Amino acid sequence: MTNEHEEQQKRSLSWLEFLIERAIQVSGVSAIALVVLIFLFLIKEGAPAFFKVPLSSLFAARWYPIESYFGLLPLVMGSMIVTIGAAVVSLPLGLATAIFIAEIAPDWVRDILKPFVEVLAGIPSVVIGFIGMLVFAPLIRVALDIPTGLTAFTGVLLLAWMALPTVVSVAEDVLDAVPKTYRDAGLALGMTRWQVIWRIVLPAGRSGVLMALMLGVGRAIGETMTVMMVTGNAARIPTGLRDFFMPVRTMTATIAAEMGEVAQGSPHYHVLFAVGLTLFVITFIVNMAAASVVFRQVKRAERMLA
Amino acid sequence: MSKFRLSRQTSQRIAFALISLAALVVVAPIFFIVGYIVYEGASAISWEFLTAYPYNGMKSGGLLPAIVGTLWLTAGTAIVAVPIGIGAAIYLSEYAKDNTLTRAIRVAIINLAGIPSVVYGLFGLGLFVIFLNFGTSILAGSLTLGIMTLPVIISTAEEALRAVPQSFRLVSVSLGGTHWQTIRRVVLPQALPGIITGVILGLERAAGETAPILFTVAAFFLPRLPKSVFDQTMALPYHLYVISTQVPGMPVQIQYGTALVLLIFVLSMNVIATLIRNHYRKQRFW
């Protein structure tokens, strides 16, 4: 009797286990399913834009949806100018902060700094946009003596700052990954600590620094609320350096600002989805490039161990 | 030529000074932003501000519906993201072999983490609001935020699971434990503090997000509390956006007060996560 009872219990347990393990496997592949699903829905709603709006209009220079001008060029250029600017500012700053944390700062400073960088990552972008609008933009307007502080430049500085937690944490991992023996060899040859960092550690972590840059770009190009609130949202094509200090309008801000007001199924609606699809494809490429760097590093590490 | 070169010690001093300055440039604004919002917003905070409905075109009253809405959304995000996220982390850490499928999963997670938040908003609008006909609702918003939060939870939970020493698993298996029993009784309890930390950090991000809820759940002005997951709701981040850009003549004090409440909500989650992590790191015997 007891034996049978035990058998039964064991069987139900193994069934439960079977179910749980299946559930775990399904969760495991869910990430793939979700990326595919997101891609499909962006195509489903975005692709009609290319049939409903003539291609010549989409590639034109004028974005004025109320009168059916759907030129994407100013939005793409706007996103590019802000993103590239942010990447250029945040890479050296992030790298320097990572070097400071990993190589220079005494332990107690590091223990204070690292949580603060995490706090920065936790501040909602709408809060940064809010402060940017109320405090930062007026400062820029006065300091540069320009008509409005809501410019591409303002967006660049705030975005660069917001991308820093990403850049710093990736760069820190990179610096940590350089073997200690490399540093010791340099020091033993009589190099200063700075020479070791500049001539040995950074070159050894080259590919990782590249990855930090790409992830920072990915972070900056997708940022929405801050950009919408501080860049002034004028859809114009930048022509020169002067435009850096004028309002621009990015792809993300356009979607966020206009999607709430369009009729579902209208050309405008589909074009906004097409803009989203473009953003998805761009970040996909950037992240794949970053991922390939990671995998290449893993392979090299495996080779060294073998 | 070489006569004019800086000595090695001098160039080190200059480089270190510049680097320290850069670190200061990164950190100082954090103090400034948090400090300034506290300074300007503290006077707005009162019992009424936290527990009253807004009225008079949101220029008077309090934040109650926005606070409650954000609580609903945070809980909804947790319900969507935590089981799937931890399941995926267990799969990657305990089951996955080093093959093409696993690599594809990792690539997918990296990409999920990189998709712009406003694109999640579009996806949520297309799939949940329109295609599945949930309408603009807490359900649609929670699902959207949950999917967005998944990659954060998966990667931090996987890291916590992998940190559990292999010898623990071997002991359990050698005592006759099955694979799942080993995970359930040995690995998960050891990794739990790390997993909880990751979950809270993920929810913190979701709670502060605006772009994904713009078209999926957020209401401009709705002075009542949601009754079910099919209702629209106000939410703190969207409310801050609305009163700082869409409502002319808004008293600055209320704007800063709202920013402060949002900041406290989000950063207290951050502090809790850090405390949990530090507490268990000290206790750990491996």
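Computed from a predicted structure; not experimentally measured.

Caption draft 1: How the structure looks around the interface of chain A and chain B. Of the residues lining the interface, 73 residues belong to chain A; the matching set on chain B comes to 80 residues. Summed over both sides, the interface of chain A with chain B buries roughly 6,800 Å², with 80% coming from carbon and sulfur. Summed over the shared surface of chain A and chain B, the number is 1 salt bridge. Across the pair Glu-118 of chain A and Arg-277 of chain B runs a salt bridge, and its minimum N-O distance is 3.3 Å. At the boundary of chain A with chain B, the tally comes to 9 residue pairs in polar contact (both at pLDDT 80 or more). Here the element with the most residues in the side of chain A that touches chain B is helix α1 (residues 2-46) of chain A; it accounts for 19 residues. When the residues that make up the side of chain A that touches chain B are grouped by side-chain class, the tally is 50 nonpolar, 17 polar and 6 charged.

Caption draft 2: Looking closely at the packing of helix α9 (residues 193-204) of chain A against helix α1 (residues 8-41) of chain B. Contact geometry for α9 of chain A and α1 of chain B: axes closest at 8 Å, N-to-C directions at 70°. When the axis of α9 of chain A is compared with that of α1 of chain B, the two are roughly perpendicular. Of α1 of chain B, the residues touching α9 of chain A (which contributes Arg-193, Trp-194, Gln-195 and Ile-197 of chain A) are Arg-8, Ser-11, Gln-12, Ala-15, Phe-16 and Ile-19 of chain B. When the residues that make up the contact of α9 of chain A with α1 of chain B are grouped by side-chain class, the tally is 5 nonpolar, 3 polar and 2 charged.

Caption draft 3: Local environment of the domain arrangement of chain A. Residue and element names in this part refer to chain A. Here the domain parsing of chain A yields domain 1 (1-52) and domain 2 (55-305). A C-alpha centroid distance of 35 Å is found between domain 1 and domain 2. At the interface, 11 residues of domain 1 touch 12 residues of domain 2. Both faces combined, the contact of domain 1 with domain 2 buries some 1,100 Å², and carbon together with sulfur accounts for 80% of it. For domain 1, the biggest contributors to the area lost against domain 2 are Leu-42, Glu-45 and Phe-50; these three give 47% of the whole. Where domain 1 touches domain 2, the interface holds 3 residue pairs in polar contact (both at pLDDT 80 or more). For the side of domain 1 that touches domain 2, the element with the most residues is α1, which contributes 7 residues. Its residues placed into classes, the side of domain 1 that touches domain 2 shows 8 nonpolar, 1 polar and 2 charged.

Caption draft 4: Summary view of the nonpolar core. Of all hydrophobic cores here, the largest spans 173 residues; its most connected members are Met-259 of chain A together with Ile-37 and Ile-195 of chain B. Ranked by residue count, the leading element in this core is helix α3 (residues 64-95) of chain B, at 13 residues. Beyond its immediate sequence surroundings of up to four residues, Met-259 of chain A is in contact with Thr-254, Tyr-269, Leu-272 and Phe-273 of chain A together with Leu-122, Leu-125 and Phe-215 of chain B. In terms of nonpolar packing, the next biggest core, distinct from the first, is built from 9 residues, Ile-81, Leu-159, Val-227 and Val-248 of chain A among them.

Caption draft 5: The packing of aromatic side chains, seen in detail. Taken as a whole and assessed by the stated rule, the structure comprises 19 aromatic pairs over all chains. Ring geometry for Phe-130 of chain A versus Tyr-256 of chain B: centroids 5.1 Å apart, planes at 70°, classification edge-to-face. Taken together, the positions of Phe-130 of chain A in helix α6 (residues 125-144) and Tyr-256 of chain B in helix α10 (residues 252-283) put the pair across two chains. Judged by its relative accessible area of 0%, Phe-130 of chain A falls in the buried class. With a centroid separation of 5.4 Å and 20° between ring planes, the pair formed by Phe-32 of chain B and Tyr-36 of chain B is classed as stacked.

Caption draft 6: Representation of the packing of helix α7 (residues 152-177) of chain A against helix α10 (residues 206-222) of chain A in the model. Residues and elements named next belong to chain A. Contact geometry of α7 with α10 gives a least axis separation of 8 Å together with a crossing angle of 155°. On the basis of their axis angle, the class for α7 and α10 is roughly antiparallel. Our pair here, α7 against α10, has a crossing hand that is right-handed. Contacts from Leu-159, Met-162, Ala-163, Thr-166, Val-167, Val-170, Ala-171 and Val-174 of α7 reach α10 at Gly-208, Val-209, Met-211, Ala-212, Leu-215, Gly-216, Arg-219 and Ala-220. The residue makeup of the contact of α7 with α10, split by class, is 12 nonpolar, 3 polar and 1 charged.

Caption draft 7: Expanded view of the pattern of salt bridges. Applying the stated criterion across every chain yields a total of 12 salt bridges over all chains. Of the charged contacts in the structure, one is a salt bridge between Lys-114 of chain A and Glu-172 of chain A, with a shortest N-O distance of 3.0 Å. Remark: Glu-172 of chain A occurs in helix α7 and Lys-114 of chain A occurs in helix α5 (residues 107-122); sequence separation between them is 58 residues. Accessibility expressed as a relative area gives 9% for Glu-172 of chain A, which makes it buried. In this structure, a network of salt bridges that share partners links the residues Arg-106, Glu-158 and Arg-162 of chain B.

Caption draft 8: The confidence of the model for chain B, seen in detail. Mean pLDDT over chain B works out to 90, with 98% of the residues at or above the 70 mark. Among the scores for the predicted complex, ipTM is 0.91 and pTM is 0.90.

Caption draft 9: Examining unusual backbone geometry more closely. Positive phi, close to 55°, is recorded for Asn-233 of chain A, a residue that is not glycine. Within the element layout of this structure, Asn-233 of chain A appears in the loop between α11 (225-230) and α12 (251-258). Residue classification places Asn-233 of chain A among the partly exposed positions, given a relative accessible area of 22%. A positive phi angle, close to 65°, is found at Asn-133 of chain B, a residue other than glycine. For Asn-133 of chain B, the location among the structural elements is in the loop between α5 (117-131) and α6 (138-162). Asn-133 of chain B gets classed as exposed once you look at its relative accessible area, which sits at 63%.

Cut-offs used in this document
Residues numbered from 1 in each chain as written. Chains lettered and ligands numbered in written order. Predicted model: local features only at pLDDT ≥ 70, side-chain atom pairs only at ≥ 80, totals over all residues. Heavy atoms only, no water. Contact = heavy atoms within 4.5 Å. Buried area = accessible area lost by both parts, 1.4 Å probe. Salt bridge = Lys/Arg side-chain N within 4 Å of Asp/Glu carboxyl O. Polar contact = N/O pair within 3.5 Å; in protein donor to acceptor, adjacent residues only side chain to side chain. Helix = DSSP H or I, 4+ residues; strand = E, 2+ residues; numbered from the N terminus. Nonpolar A, V, L, I, M, F, W, Y, C, P; charged D, E, K, R; others polar. Axes fitted to C-alpha atoms, helices over the stretch in contact; angles between N-to-C directions. Parallel < 35°, antiparallel > 145°, perpendicular 65-115°, else oblique. Domains from an automatic or database assignment. Core = buried A, V, L, I, M, F, W, Y, C linked by side-chain atoms within 4.5 Å. Buried < 20%, exposed > 50% of the residue type's maximum accessible area, 1.4 Å probe, protein only. Phe/Tyr/Trp six-rings, centres within 6.5 Å; stacked < 30°, edge-to-face > 60°. Left-handed = near helix turned anticlockwise from the far one by under 90°. pLDDT = per-residue confidence, 0-100.

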